[in-house]
Amino acid sequence: SGGNRVGEQVGFRIIGIDPGSGLMKASAKAIQDYGLDGWTLLEGSGTAMTAALDKAYKNEEPIIVTGWTPHWMFVKYKLKYLEDPKKSFGESEEIHTISRLGLGKDKPSAYRMLQQFHWEPSDMEKVMTLISGGTSPEAAAEKWVVDNPEIVAEWIKDVPPASGERLKLAYVAWDSEIASTNVVKAVLESKLGYKVDMLQVEIGPMWAGIANGDADAMVAAWLPTTSIDYYDKYKGKFEDLGSNLAGTKLGFVVPNYMDVQSIEQLKR
Ligand code: PBE
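Everything quoted here is computed from the prediction, not taken from an experiment. Counting of residues starts from 1 at the beginning of each chain's written sequence and follows it residue by residue. Per-residue local features of the predicted model are confined to residues with pLDDT of at least 70, and side-chain atom pairs are confined, for both listing and counting, to 80 or more; whole-chain, interface and lining totals are unaffected and use all residues. Hydrogens and water molecules were not included; the side-chain quantities draw on all heavy atoms of the structure.

## Quick look at the domain arrangement of the chain
Note on interface size: it is often stated as the accessible area lost on association of the parts.
(1) Moving on: These domain limits were set by an automatic method or by a database of domain assignments. When cut into domains, the chain gives domain 1 (2-90 + 249-266) and domain 2 (94-246).
(2) Moving on: For domain 1 and domain 2, the distance between their C-alpha centres works out to 28 Å.
(3) Moving on: Between domain 1 and domain 2, the contact holds 16 residues from the first and 17 residues from the second.
(4) Moving on: By buried area we mean how much accessible surface two parts lose on assembly, using a 1.4 Å probe and totalling the loss over both. Roughly 1400 Å² is buried in total at the junction of domain 1 and domain 2, and carbon and sulfur atoms are behind 60% of that figure.
(5) Moving on: Criterion for a salt bridge: a side-chain nitrogen of Lys or Arg within 4 Å of a carboxyl oxygen of Asp or Glu. Where domain 1 touches domain 2, the interface holds 1 salt bridge.
(6) Moving on: Residues Asp-229 and Lys-25 are paired through a salt bridge, measuring 3.0 Å at the closest nitrogen-oxygen approach. Should any heavy atoms of two residues lie within 4.5 Å, those residues are considered in contact.

## Quick word on the nonpolar core
(1) Moving on: Here, the term nonpolar core denotes a set of buried Ala, Val, Leu, Ile, Met, Phe, Trp, Tyr and Cys residues that are joined through side-chain atoms within 4.5 Å. When a residue's accessible area, from a 1.4 Å probe over protein chains only, is under 20% of the maximum for its type it is buried; when over 50% it is exposed; and in between it is partly exposed. Formed by 88 residues in total, the largest nonpolar core has its most connected members in Ile-64, Leu-188 and Trp-207.
(2) Moving on: Where helices and strands are cited, they refer to DSSP runs of H or I of at least four residues and of E of at least two residues respectively, numbered from the N terminus. Of all the elements, strand S8 (residues 217-223) adds the most residues to this core, at 7 residues.
(3) Moving on: Excluding anything up to four places from it in sequence, Ile-64 contacts Val-6, Val-10, Arg-13, Ile-14, Ile-15, Trp-39, Phe-252, Val-253, Val-254, Met-258 and Leu-266.

## Side note on the layout of surface pockets
(1) Moving on: Its volume calculated, the largest pocket comes out at about 200 Å³.
(2) Moving on: Every residue lining the largest pocket is listed: Gln-9, Val-10, Gly-11, Arg-13, Ile-15, Ala-52, Lys-55, Ala-56, Glu-61, Pro-62, Ile-63 and Ile-64.
(3) Moving on: Elements with a contribution of two residues or more to the lining of the largest pocket: strand S1 (13-15) and helix H3 (46-58).
(4) Moving on: Looking at the lining of the largest pocket element by element, the count peaks at 3 residues for H3. Cavities and pockets were defined on a 1 Å grid built from protein atoms only: a cavity is a group of points that admits a 1.4 Å probe but offers it no way out, a pocket is an open group of points flanked by protein on both sides within 12 Å along at least five of seven lines, and a lining residue is one with an atom within 4 Å of any such point. Grid points are joined across faces, edges and corners, and a volume is the space filled by probe spheres set on the points.

## Quick word on the site of the ligand
(1) Moving on: Neighbouring residues are identified by heavy atoms, a residue being near a molecule or strand if any of them is within 4 Å of it. All residues adjacent to the ligand are Ile-17, Ser-21, Gly-22, Leu-23, Trp-68, Trp-174, Ser-176, Glu-177, Ile-203, Trp-222, Thr-226 and Leu-250.
(2) Moving on: Gly-22 is positioned such that a nitrogen or oxygen atom in its backbone is 2.8 Å from an oxygen atom of the ligand.
(3) Moving on: Under the rule applied, a polar contact is a pair of N or O atoms within 3.5 Å (in protein, one hydrogen donor and one hydrogen acceptor; residues adjacent in sequence only if both atoms are side-chain atoms). Backbone polar atom of Leu-23 to an oxygen atom of the ligand: 2.7 Å apart, as the coordinates give it.
(4) Moving on: Surface burial for the ligand is 100%, taken as the share of its 280 Å² of free accessible area covered by protein chains.
(5) Moving on: The pocket occupied by the ligand, as judged from atoms lying within 2 Å of grid points, is the largest cavity.
(6) Moving on: For the shell around the ligand, the domains that each give at least three residues are domain 1 (2-90 + 249-266) and domain 2 (94-246). Throughout, the Shrake-Rupley method with a 1.4 Å probe supplies accessible areas, and for residues the shown protein chains are the sole cover considered. Each molecule is checked against the cavity or pocket grid, and it sits inside if more than half of its atoms lie within 2 Å of the grid points.

As structure tokens, this is what we get:
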């Protein structure tokens, strides 16, 4: 079958990301749902995944990666999601902003701005694309903030400035969250006078850090599915400030030059 051929081409391997991520959990579910016996889902990181994709793409070699949207890789390369008729990867989601309990009382301006933070997938992709092209995350975020004054004005509407208070944002080094966290930091610093520390951690410690108050907030909760294990585990120990972006997607991703359309075709 076609699946055997594609499977042999890629050594029956799918390039994954960090093991605690919702994407890896969904990928394992897909392998189960579609009966992909004999396939291996490789653990790694978002950075290792994009490095493998870049290398394969340059040589027009076959590769299957776990991917998500928004992501710069869809801007830089011609890629397609494999169709997922069984919906193993769930439906389109929203990304929520999550704060520690008590932030509204302690740091009301930051809390208000975080509540009002909302942008579009295309905005996030612009920042991600700049960073993937070599611009530093800080400079890419600052450029986006300067280029989008109307959107930023909505986030800081009726928010009084703070005076040099510190704020700690936790994040995981996924390219999407590097972009969003840096943009929120840039606005809190340049528009509201906060001094923001970014705390890079794994996904489990990110949620634990919010729940135990070590971090003030994060903008990386993909719901209702991708982050649900952590959301349920720490329920009652954080505040959900609502959606900051709608229209995400997860799945198995291949270059357009590969002759495969659906996860179903990967079955041996
Ligand atoms: N991601 C990016 C994360 C959420 C943000 C899709 C890689 C995940 O948990 O899978």
